[in-house]
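Residue strings, one per chain:
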Amino acid sequence: MNILPNNLAMISVVALAVIMNVVSVWLPKKAATAAKILLAVAALTGLFVRLPVGQAILLTAIGAHAYAAFSELIDRNKREMRMALRQKLQEVRAVEIVQRKDVRRLAADVALTGLVSLGAVLFFGLAPETFAALKVFIVFMMISVSIQTIERAANFYSVRLYWLPEEEHLVVLSRFQPRDFPLRELKEASVWSSPDLLRLHPFFTFMSSHQDYTRSFGQVLKLSFPGETIYLSPDNAVHWHRLLAPFASASDRTGGKEKKVLPLWHPAVLKRLFWKGYYASTVKGVSAYTGLLAILLWLKAPAWAVGLFVLLWWGLNFYVSDRVLIAATDAEPITEGEIFERAQTIFRKAGIPRTRLFSVDSPDYNGFAVGMNIGRGAIMLTTATLQLPSPSVEAILAHEAAHIRKRDVLTNQLARFLFIGLLAGMAYLFFELKWLAENFKIAMFLLVYVFAFVFPMYLSFIAQWTEVRADFTGATWLSGGTAQMGQGLTELAAALDRDLEKSMAHRMADGRSSTGRASSLERDSWLWRFLEFQFMAHPPLYWRINSLARSGNWREARRRWLKDRFKESLPG
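So, how was this worked out
Residues numbered from 1 in each chain as written. Predicted model: local features only at pLDDT ≥ 70, side-chain atom pairs only at ≥ 80, totals over all residues. Heavy atoms only, no water. Helix = DSSP H or I, 4+ residues; strand = E, 2+ residues; numbered from the N terminus. Rg over C-alpha atoms; globule rule 2.2 N^0.38 Å. Buried < 20%, exposed > 50% of the residue type's maximum accessible area, 1.4 Å probe, protein only. Contact = heavy atoms within 4.5 Å. Areas by Shrake-Rupley, 256 points an atom, 1.4 Å probe, with all protein chains shown as cover. Lys, Arg positive; Asp, Glu negative; His and termini not counted. Charge placed at Lys NZ, Arg CZ, Asp CG, Glu CD. Expected span 1.5 Å × (residues − 1). Phe/Tyr/Trp six-rings, centres within 6.5 Å; stacked < 30°, edge-to-face > 60°. Bend = angle between axes of the 7 residues up to and from the residue.

### A look at the overall build of the protein
On a plain count of helices and strands, the protein comes out with 20 helices and 12 strands. A compact globule built from 572 residues would reach a C-alpha radius of gyration of about 25 Å, and the protein, at 25 Å, matches this within 12%. Overall, the C-alpha framework of the protein stretches about 75 × 60 × 55 Å when taken along its three principal axes. Classification of the 572 residues of the protein by burial places 50% in the buried group. Counted over contacts in the protein with a minimum sequence separation of 6, partners at least 24 positions apart contribute 70%. Element-wise, carbon and sulfur atoms account for 63% of the exposed surface of the protein, whose accessible area totals about 27,300 Å². When the 65 basic and 47 acidic side-chain charges of the protein are each reduced to a single mean position, those positions are 5 Å apart.

If you want it as structure tokens, here you go:
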């Protein structure tokens with residue numbers, strides 16, 4: 001019994017998804033909407049008429065995922081932005097920032113992508129039909145990988161950089177990622193000796209927003225703007241650094257002296273490659289799991305051996321999770337200063353004195369707790385977050401310390417493990433109980449899709465429970481209590497909104513910055529509230545801040561959250 005459709009059918013629905021996205025960009029909006037509806041109806045009719053219902057449903061899901069994924073790449077706003085920038089460059093004086101093109105730079109990124117994806121590809125080709133559910137997951141993953149590769153190749157071949165001296169702007173012309181940066185918003189400028197591939201490749205990064213426009217292995221100019229950091233490889237990076245650095249509010253004080261990037265064969269880089277590779281293949285992807293599973297299946301290992309392997313590997317991930325995430329973020333330890341002292345005070349009150357503190361070079365406002373047990377706990381704060389007022393940083397530290405004290409990282413991982421174990425058991429029964437597979441095929445497919453829908457809701461429920469608890473638990477360790485925690489979240493929300501607005505303006509024609517959403521401090525539309533309460537790891541910030549002001553403790557907040565999770569997800 002074939003559960004998966006053939007490769008040609010999957011490629012066809014992905015190609016159709018791409019065509020629908022292209023149509024939505026090039027045709028007028030009304031004509032594009034009509035054309036997409038006709039294409040979708042024709043495709044669905046053909047699928048359900050010619051194929052078994054299960055395969056038709058699966059291909060529909062693949063096509064929908066591909067359409068949504070490619071819509072992030074092929075977008076009408078990006079085309080309008082690119083055309084507006086071309087017009088602008090014809091009207092003003094612009095100086096091109098020349099970048100030499102070395103195809104080996106692109107080849108290095110593609111090679112890293114292939115290396116990280118190899119295990120999953122081998123598994124897809126070698127594993128039997130019994131692992132159809134995992135193969136479907138690999139198909140979804142490979143669609144995302146393909147989009148990242150296409151975007152990187154487009155940046156490499158199409159990017160052109162211009163400095164507008166009178167307007168004091170930096171313009172990036174690119175097929176899929178055009179930008180218009182006002183230099184007055186430049187936060188930091190620095191020079192690297194060469195591209196740090198393990199920091200720039202999207203598979204090896206975490207908790208950082210950046211765009212890689214480099215085209216060679218020469219010197220790199222790093223420019224940080226609100227919400228995004230960009231990397232360029234101009235022919236004379238030091239010259240351009242000296243020209244642009246005066247605009248930066250926090251530029252380095254080295255006078256353009258480059259930061260040394262170690263070669264790949266250096267022991268320190270090899271160690272980074274090991275841990276970042278582990279992160280890329282086990283956290284961002286499934287290549288490590290699937291690759292070794294493919295080997296076990298090729299060796300015809302018994303089912304109990306495969307199951308034992310999965311359990312042991314999961315246990316190993318629990319043990320090394322802190323090292324993996326610290327390596328993935330290139331986090332630097334904080335061992336002195338005001339923030340360090342404030343953190344130590346909170347850690348002592350929380351009963352977690354051995355917790356380590358790290359800084360992550362990122363324009364995003366974020367904090368993260370890692371470690372499955374208290375003794376190996378660590379807290380990472382981005383450099384943007386560290387620029388908030390000290391009481392707000394203290395509040396964020398207390399929130400993350402509560403996650404470590406309550407072992408929330410372990411709780412969320414165990415919740416994920418239990419659910420995936422349930423799905424694995426269902427898949428096993430589906431194939432072992434032949435009568436079930438033969439007589440209730442459609443029902444089993446529908447059940448799998450129901451579970452696929454419930455899974456993120458289930459994870460969201462567990463994660464939001466721990467998040468609300470961390471707000472109130474952490475507040476007990478602050479001198480200002482819940483008021484300080486609420487103020488810290490308010491400062492965080494305001495900074496997020498401010499940088500998001502600027503970041504969107506860099507990407508939109510005529511500097512438009514509307515995201516279609518309300519401020520993080522305001523109650524949004526019904527649809528956004530539903531998505532945030534039912535599918536996101538955090539409740540909306542407006543609700544968390546309001547809850548801290550209205551609830552006296554975690555018990556009261558818990559009752560309010562359980563009610564509002566349903567109530568706030570309804571229209572009105």
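There's plenty left to go through after this.
### Points about the environment of Met-536
Tracing the sequence through the fold places Met-536 in the loop between α18 (526-535) and α19 (541-550). Of the residues examined, Met-536 reaches a relative accessible area of 39% and is grouped as partly exposed. Residues within four places of Met-536 in sequence aside, it is in contact with Ser-460, Gln-464 and Leu-531.

### Digging into helix α3 (residues 53-71)
The terminal C-alpha atoms of α3 lie 27 Å apart, and with 19 residues this matches the ideal 27 Å at 1.5 Å per residue to within 8%. Of the positions making up α3, those classed as buried are Gly-54, Gln-55, Ala-56, Ile-57, Leu-58, Leu-59, Ile-62, Gly-63, Ala-66, Ala-69 and Phe-70.

### Things to note about the packing of aromatic side chains
Here a ring pair, both rings aromatic, is described through the centre-centre distance and the interplanar angle of the planes. Here the structure, examined in full by the defined rule, presents 15 aromatic pairs. Measuring from ring centre to ring centre gives 6.0 Å for Trp-163 and Trp-240, while their planes differ by 80 degrees; the resulting arrangement is edge-to-face. Of this pair, Trp-163 sits in strand β2 (residues 160-164) while Trp-240 sits in helix α8 (residues 237-244); the two residues are 77 residues apart in sequence, bridging distant segments of the chain. On the basis of relative accessible area, Trp-240 is assigned to the buried category, the value being 8%. With 5.1 Å between their ring centres and 75 degrees between their planes, Phe-206 and Phe-368 make a pair best called edge-to-face. Residue Phe-206 is found in the loop between α7 (197-200) and β6 (210-212), and its partner Phe-368 is found in strand β11 (residues 367-370); the two are separated by 162 residues along the sequence. For Phe-368, a relative accessible area of 28% puts it in the partly exposed group. Counting every residue linked through ring pairs, the aromatic cluster contains Phe-461, Trp-465, Trp-554 and Trp-561.

### Observations concerning unusual backbone geometry
One non-glycine residue, Glu-168, lies in the positive phi region at around 55 degrees. You can see Glu-168 is positioned in the loop between β2 and β3 (169-173). The class for Glu-168 is partly exposed, based on a relative accessible area of 38%. Here Arg-407, not a glycine, exhibits a phi torsion of approximately 55 degrees, which is positive. Mapped onto the elements of the fold, Arg-407 is located in the loop between α13 (390-405) and α14 (408-432).

### Let's talk about helix α5 (residues 103-126)
The terminal C-alpha atoms of α5, which comprises 24 residues, lie 32 Å apart, in line with the 34 Å expected from a rise of 1.5 Å per residue. Approximately 50 degrees is the largest bend angle found in α5, and it occurs at Ser-117. Of all the residues in α5, the buried ones are Arg-105, Leu-106, Ala-108, Asp-109, Leu-112, Thr-113, Val-116, Ser-117, Gly-119, Ala-120 and Phe-123.

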